[in-house]
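Remarks on the overall topology
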Amino acid sequence: ADWSTIRQDLETRLNYDKLQILFADGGPGILENLLREGMKHQRCQWHGKRDFPYILYADGLKKAEQTELKEKLHAIPAMSITKSDLEKLQPEDYPLVEHIVEKTKQGFQKLLEILSPDKYPKARVYIENLSHAVTTFLDWWLEKQEIIPLNTNAIESAFSRVVNRIKN
């Protein structure tokens, strides 16, 4: 089934207007079909890091030439935060989280400055898109002091169990 069919099915099964966040791995067609107006988007942090080398390769960079750019992405604070880091946050950590958000924006900006649109057109667009949606989990914590997933692992795991049960 395509994403528009999945959206129609979801709308019949649940109150789609009450969904606040779309967690997605960056696959084609997901945002266009599943993100409704007013919904926030959390891009999967893990997929963001994992897929970056493929995008660099599409721009002509072999594995050995990718190291510096991959390290720059991994050095961005939001890209190395874990669920356990989030679980330790307390209300008094608000200034720290604001600092992490600011450093994350600066890190993405520095990476974009390196990714010339002429030399790295695909990687630049990829990082621009990733930078807008990979920190929703931090914004959410700042707004509500609630933890939301920063990757799609739990969602994919649950979906896999459903698919396995259907097959059996």
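Just above, that's the structure.
This section reports on the structure supplied with the text. (Residues numbered from 1 in each chain as written. Predicted model: local features only at pLDDT ≥ 70, side-chain atom pairs only at ≥ 80, totals over all residues. Heavy atoms only, no water.)

Observations regarding the packing of helix 4 (residues 67-75) against helix 6 (residues 94-114)
So the rule is basically this: Axes here refer to lines fitted to C-alpha atoms; in helices the fit is confined to the stretch in contact. Angles between the N-to-C directions go from 0 to 180 degrees. Helix and strand assignments come from DSSP, with helices taken as H or I runs of at least 4 residues and strands as E runs of at least 2, each series counted from the N terminus. Roughly parallel refers to an angle under 35 degrees, roughly antiparallel to one over 145, roughly perpendicular to one between 65 and 115, and oblique to any angle outside these ranges. Working rule for handedness: look at the near helix, and if it is turned counterclockwise from the far one by less than a right angle, call the crossing left-handed; if clockwise, right-handed. Contacts are residue-level and defined by heavy atoms, with any inter-residue pair within 4.5 Å sufficient. Residue polarity is assigned by list, with Asp, Glu, Lys and Arg as charged and Ala, Val, Leu, Ile, Met, Phe, Trp, Tyr, Cys and Pro as nonpolar; anything else, Gly included, falls into the polar class.
Interaxial distance between helix 4 and helix 6 falls to 9 Å at its minimum, and their mutual angle equals 160°. With respect to helix 6, the axis of helix 4 lies roughly antiparallel. The element helix 4 and its partner helix 6 pack so that their crossing is left-handed. Between helix 4 and helix 6, the contacting residues are Leu69, Lys72 and Leu73 on the first element and Phe108, Leu111 and Ile114 on the second. Of the residues in the contact of helix 4 with helix 6, the class split is five nonpolar, no polar and one charged.

Regarding unusual backbone geometry
So the rule is basically this: Exposure classes here rest on a 1.4 Å probe applied to the protein chains alone. A residue is buried below 20% of its type maximum, exposed above 50%, and partly exposed in between.
Even without being a glycine, glutamine 145 presents a positive backbone phi close to 55°. Within the fold, glutamine 145 resides in the loop between helix 8 (136-144) and helix 9 (153-167). Residue glutamine 145 is classed as partly exposed on the basis of its relative accessible area of 37%.

A few points about the side chain of arginine 43
What counts is decided by this rule: Charged-residue counts in this description rest on Lys and Arg as positive and Asp and Glu as negative, His and the chain ends being excluded. Here a salt bridge means any side-chain nitrogen of Lys or Arg lying within 4 Å of a carboxyl oxygen belonging to Asp or Glu. Counted as a polar contact is a pair of N or O atoms within 3.5 Å, where, for protein atoms, one must be capable of donating a hydrogen and the other of accepting one, and residues adjacent in sequence contribute only when both atoms are in side chains.
With respect to the helices, strands and loops of the structure, arginine 43 is situated in strand 2 (residues 40-43). Buried charged residue arginine 43 carries no salt bridge. Nearest counter-charge: aspartate 51, at 4.5 Å. In terms of polar contacts, arginine 43 uses its side chain to reach the backbone carbonyl oxygen of aspartate 25, at 3.1 Å. When sequence neighbours within four positions are dropped, the list of residues in contact with arginine 43 reads Ala24, Asp25, Gly26, Gly48, Asp51, Tyr126, Leu130, Ala133, Val134 and Leu150.

Some thoughts on the environment of lysine 49
Here lysine 49 lies in helix 3 (residues 45-58). When the C-alpha positions of lysine 49 and glutamate 37 are compared, they lie 27 Å apart, and in sequence the two are twelve residues distant. Other than its neighbours up to four places away in sequence, lysine 49 contacts Leu73, His74 and Met79. Reaching out from lysine 49, the side chain makes a polar contact with the backbone oxygen of methionine 79 at a distance of 2.6 Å.

Some thoughts on the packing of aromatic side chains
Aromatic rings in a pair are described by how distant their centres are and how their planes are angled relative to each other. The cut-off we apply is this: Pairing of aromatic rings covers Phe, Tyr and Trp, the last through its six-membered ring, and needs centres within 6.5 Å; plane angles under 30 degrees mean stacked, over 60 mean edge-to-face, and all others mean tilted.
Going through the model one piece at a time under the given rule, you end up with two aromatic pairs. Here the aromatic rings of phenylalanine 52 and tyrosine 126 are separated by 6.2 Å at their centres, their planes lie at 15°, and the arrangement is stacked. Note that phenylalanine 52 is positioned in helix 3 and tyrosine 126 in helix 7 (residues 121-133), a separation of 74 residues in sequence. Across the pair, exposure class does not vary: phenylalanine 52 and tyrosine 126 are buried alike. With a centroid separation of 6.4 Å and an interplanar angle of 40°, the aromatic rings of tyrosine 94 and tryptophan 141 are classed as tilted.

Details of the pattern of salt bridges
Summed over all chains, the structure comprises seven salt bridges. Close ionic contact of glutamate 11 with arginine 7 constitutes a salt bridge, the shortest N to O distance being 2.8 Å. Note that glutamate 11 and arginine 7 are positioned in helix 1 (residues 3-13) at a spacing of four residues, about one turn of the helix. Look at glutamate 11 and you get partly exposed, because its relative accessible area is 39%. We note a salt bridge from glutamate 87 to lysine 83, for which the minimum N-O separation is 3.8 Å. Taken as a pair, glutamate 87 and lysine 83 lie in helix 5 (residues 83-87) at a separation of four residues, close to a single helical turn. If you follow the salt bridges from partner to partner, you end up with Lys40, Glu143 and Lys144 in one network.

A closer look at helix 3
Counted only if it meets this: Each helix should span, by expectation, one fewer than its residue count multiplied by 1.5 Å.
With 14 residues, helix 3 extends 20 Å between its outermost C-alpha atoms, agreeing within 8% with the 20 Å of an ideal straight helix rising 1.5 Å per residue. For helix 3, the complete set of buried residues consists of Gln45, His47, Gly48, Asp51, Phe52 and Leu56. Of the residues one or two after helix 3, glycine 60 is the one with positive phi, at around 100°.

None of the figures reported here should be taken as evidence of function without further support.
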